[in-house]
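# Coordinate inspection notes
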Amino acid sequence: MSDKQRTLEEQKEEFKQKKLLASPIAGIIAWSVVALSGLFFSDEITVWVLFIATGSIVYLAMAISKFTGEDYLDKNKPKNTFDNLFFLTVAQAVLVYSIAIPFFIENYTSLPLTVGILTGLMWVTLTWIIDHWVGLFHAIARTVLVVVLWYLFPADRFVTIPIAIVIVYIVSILILKNRNSRADKS
């Protein structure tokens, strides 16, 4: 019976039960490193820190997933179509660097704006997969905060924007944890 193919609805229900904490924790770490670099180092160094840190989120999440019980690389788990969809949204987020890099070349301070918004868009798909508003909250709050801070604090873009993204991640994690604890009580 273990080789029975599960329906998409069964796979979606299975995906919805996941904690989904490893990726946002990795995002907190990466964007915190960017904010610290923005505080203590020149913009020339911080742009490289931003590229490396945000480009490393997926790898960091893979490592963290072993500690959160999600284990992204567990080969013994049954295949789930929604895991594949989630990883495709990660690939989509990486591909948006093709938009961020040309703007970065024209104006290096655009980097927190473009990378901050574009890599947060993957959360929109998460809302549909898990039937919960947290993904829309994350993507919309992040976009609005990044744009507002980009205009309000032009001299501090490499600090204020990463801090705002970290705060949105923290709130999103709290929402995700509450979503799971509420489901456990049902």
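The preceding data block contains the structure.
Everything numeric in this text was worked out from a predicted model, so none of it was measured.

The contact between helix α7 (residues 111-118) and helix α9 (residues 134-152) brings their axes to 9 Å, and the two run at 175°. Relative to α9, the element α7 is oriented roughly antiparallel. For the pair α7 and α9, contact is made by Pro 112, Leu 113, Val 115, Gly 116 and Ile 117 and by Arg 142, Thr 143, Val 146, Val 147 and Trp 150, respectively. Of the residues in the contact of α7 with α9, the class split is seven nonpolar, two polar and one charged.

This part is about the nonpolar core. Residues Phe 15, Trp 31, Leu 111, Trp 123 and Ile 130 are the most contacted members of the largest nonpolar core, which totals 48 residues. Top element by residues in this core is helix α10 (residues 157-185). It accounts for nine residues. In contact with Trp 31, not counting residues within four places along its chain, are Leu 50, Thr 54, Ile 57, Val 115, Gly 116, Thr 119, Arg 142, Pro 162, Ile 165, Val 166 and Tyr 169.

Another point: the pattern of salt bridges. This structure, assessed with the given rule, holds six salt bridges. Of the charged contacts, one joins Asp 83 and Lys 18 as a salt bridge, the two residues approaching to 2.3 Å between their closest N and O atoms. Of the two residues, Asp 83 sits in helix α5 (residues 81-95) while Lys 18 sits in the loop between α1 (8-16) and α2 (22-40), which places them 65 residues apart along the sequence. The exposure class assigned to Asp 83 is buried, which follows from its relative accessible area of 14%. Linking Asp 71 and Lys 66 is a salt bridge whose minimum nitrogen-to-oxygen distance equals 3.1 Å.

Along α1, the residues classified as buried are Gln 11, Lys 12, Phe 15 and Lys 16. All buried residues of α1 lie within an arc of 140° about the axis, which places them on one face of the element.

Cut-off values and rules
Residues numbered from 1 in each chain as written. Predicted model: local features only at pLDDT ≥ 70, side-chain atom pairs only at ≥ 80, totals over all residues. Heavy atoms only, no water. Axes fitted to C-alpha atoms, helices over the stretch in contact; angles between N-to-C directions. Helix = DSSP H or I, 4+ residues; strand = E, 2+ residues; numbered from the N terminus. Parallel < 35°, antiparallel > 145°, perpendicular 65-115°, else oblique. Contact = heavy atoms within 4.5 Å. Nonpolar A, V, L, I, M, F, W, Y, C, P; charged D, E, K, R; others polar. Core = buried A, V, L, I, M, F, W, Y, C linked by side-chain atoms within 4.5 Å. Buried < 20%, exposed > 50% of the residue type's maximum accessible area, 1.4 Å probe, protein only. Salt bridge = Lys/Arg side-chain N within 4 Å of Asp/Glu carboxyl O. Arc of directions from axis to C-beta.

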